[in-house]
Amino acid sequence: MAVPVAFFALFFAYPVTAIVGRGLKAEGDWQFGRIGEVLSRPDILDVLWFTTWQALASTALTLLIALPGAYVFARFDFPGKQVLRAVVTVPFVLPTVVVGTAFLALLGRGGLLDELWGVRLDTTVWAILLAHVFFNYAVVVRTVGGLWSQLDPRQEEAARVLGAGRFAAFRRVTLPALAPAVAAAALMVFLFTFTSFGVVQILGGPAYSTLEVEIYRQTAQLLDLPTAAVLTLVQFAAVGGILAVHAATVRRRERALKLVDPAQTSRRPRGAGQWALLGGVLLTALLLILLPLGVLVERSLDGPGGYGFGYYEALQSVGAGGSSTFLVPPLEAVGNSLRYALVATLIALVVGGLAAAALTRRAGRLVRGFDALLMLPLGVSAVTVGFGFLITLDKPPLDLRTSWILVPLAQALVGVPFVVRTMLPVLRAVDDRLREAAAVLGASPLRAWREVDLPLVRRAVLVAAGFAFAVSLGEFGATVFIARPDNPTLPVAVARLLGRSGELNYGQAMALSTILMLVCAVSLLLLERIRTDRSGEF
């Protein structure tokens, strides 16, 4: 536990505490009265209200659209099912900047809807809601569908034999069994949309701002640290409550249920109704997932002189078309992102692997608190972490502001929870008697780990590495503060290009977003090939 605790204390608790303290202290005294002052401002109340209701609306809309998909993937067997399963999961590992860019190409000025019908939805709440459904569709499909596929269908069939209608049997038998999984999925979607940053920043315009976007605006543009500190505390408290409810829901989900092999519950659709349901889910996947991604690729190829790779070629030069957005060719952001993500993945594997190993060998309140500590980066603004890095890691022996390692460290903070959640269930499933037998035969603890645990969890390590790499590649909130102008990452480069006017900048943003999408998609497809059936569910 020593290495993970030291890592989080130094690179998470210290920067966050420092920036909150700087915002709430004046002349050495704590000014807690500022909390009431900030929370009584009408503009801040509007941000809090919008953050809450758009998260609720996004969650409800996601459940409405994704639950039929969860049923189809759980109960139906059809050609191309595994490929489609991977396709609908692609949005979840995409950076939010790419999601926002894809919907901007579909719904924004000059987008597909604008060209066909003269309709623009960017800078409206509908664009934000649809992008959130796009991003979180796989959360519901995987979380609910994973459990649904293991429920014994004969229980519902027995209710039908006893006279219950189709809906009554579902409501009284299947729904109570699915309720914990549905609640867990809803809470996770609410968490992701409550802390939304890149999607709202790109699609919301000046009219809409979530807590995360407002923290960024108060910190980077207005330099109002007291307001940013208060909003950080509010977001931390809100997300902490969400995670506590989620933990209780997960414990409920782990109660005893009669589960069967998913292969026994999956069959080909029968009847017009089931085929219509399958067709509706396929159409939803086409319009909601494939269409935005396809439009993104199409816009990256649609240059002034017709379709071609002009925008991709422009990424190789500095100041193409009179642009001074970058000090280096934008294409260098690809190599930067890959290098940063690889280092961040290695750090996340070491820290997260040690943490997961410690959690399997200890018990009690200390470990429960340690487990909660590992989830804290999900509950604190990434903007706060990034700005905290700048104001704390600026003195020897930790003067890292000009060091390249600062970006991987920030990215690893986001990757560690994914590593722990992927490896922990597998490590806990290893029979302790195997380790004890190795110890009796004279193996040291390190050799027992290498000879017993590692062969059993090797595949889980690869899955954890894939998720850590994907989330590190797309991290934006903290990286936007600490990425150097001569070493931008892909998400930062896309945001900079979108922030400047001009057709060339827009086209290059589409090209970079397409590259980032392809890299994330390849990572996901590799995950699908190496994952086990049980470790592949969220």
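Counting of residues starts from 1 at the beginning of each chain's written sequence and follows it residue by residue. Only residues with pLDDT of 70 or above have their local features reported here, since the model is predicted, and side-chain atom pairs are shown and tallied only from 80 upward, although totals for entire chains, interfaces and linings are computed over all residues. Side-chain metrics rest on all non-hydrogen atoms present in the structure, leaving aside hydrogens and water.

Trainee: Explanation requested: the nonpolar core in the structure shown.
Mentor: Nonpolar side chains tend to gather and get buried jointly when the protein is soluble and globular. In these notes, a set of buried Ala, Val, Leu, Ile, Met, Phe, Trp, Tyr and Cys residues joined through side-chain atoms within 4.5 Å is what counts as a nonpolar core. For each residue, the accessible area found with a 1.4 Å probe, counting protein chains only, is set against the maximum for its type, and the residue is called buried under 20%, exposed over 50%, and partly exposed in between. Counting residues in hydrophobic clusters, the biggest one holds 160 residues, and the most contacted among them are F7, L94, L374, F389 and L512. In terms of residue count, the dominant contributor to this core is helix α7 (residues 125–148) (16 residues). Any two residues whose heavy atoms approach within 4.5 Å at even a single point are treated as in contact. Setting aside residues no more than four positions away along its own chain, F7 makes contact with F12, I347, V351, L409, A412 and L413. The secondary structure listing takes helices from DSSP runs of H or I that are at least 4 residues long and strands from runs of E that are at least 2 residues long, numbered from the N terminus.

Trainee: I would appreciate a short explanation of the packing of helix α1 (residues 2–24) against helix α18 (residues 382–392) in the present structure.
Mentor: The N-to-C vectors of α1 and α18 enclose an angle of 85°; their axes lie 8 Å apart at closest approach. Put simply, α1 runs roughly perpendicular to α18. Residues F11, F12, Y14, P15, V16, A18, I19 and R22 of α1 touch α18, and the partners they reach there are T384, V385, F387, G388, F389, I391 and T392. Each residue receives one of three labels: charged for Asp, Glu, Lys and Arg, nonpolar for Ala, Val, Leu, Ile, Met, Phe, Trp, Tyr, Cys and Pro, and polar for the others, Gly being one of them. By residue class, the composition of the contact of α1 with α18 is 11 nonpolar, three polar and one charged. Here, axes are lines fitted to C-alpha atoms. For helices the fit covers the stretch in contact, and angles between N-to-C directions go from 0 to 180 degrees. Any angle that falls under 35 degrees is termed roughly parallel, while one over 145 is termed roughly antiparallel, one within 65 to 115 roughly perpendicular, and all others oblique.

Trainee: Would you mind showing me how to read unusual backbone geometry here?
Mentor: Where the residue is not glycine, phi is negative for most of them; where a peptide bond is considered, it is trans in most cases. Located in the positive-phi region is L223, a residue other than glycine, with phi close to 55°. Inspection of the secondary structure assignment puts L223 in the loop between α11 (211–221) and α12 (225–253).

Trainee: Teacher, can you tell me more about the side chain of T59 here?
Mentor: Along the chain, the position of T59 falls in helix α3 (residues 42–75). Nitrogen and oxygen atoms within 3.5 Å of one another constitute a polar contact, given that in protein one can donate a hydrogen and the other can accept it, and given that sequence-neighbouring residues count only through two side-chain atoms. Of note is the side chain of T59, whose polar atom sits 2.7 Å from the backbone oxygen of A55. Leaving out residues up to four positions away in the same chain, T59 has contacts with A186, V189, F190 and T193.

Trainee: I'm lost on the confidence of the model for the protein in this one. Help?
Mentor: Interpretation of this model should avoid reading the predicted coordinates in detail wherever pLDDT is low. The score called pLDDT rates the predictor's confidence residue by residue, from a low of 0 to a high of 100. Mean pLDDT for the protein: 81, with 89% of residues reaching 70 or above. Element-level pLDDT for the protein is lowest in helix α13 (residues 262–265), with a mean of 59, against a maximum mean of 93 in α3. This stretch, residues 532–538, has a pLDDT under 50; its non-local contacts, to residues over four places away or in other chains, come to 15 contacts.

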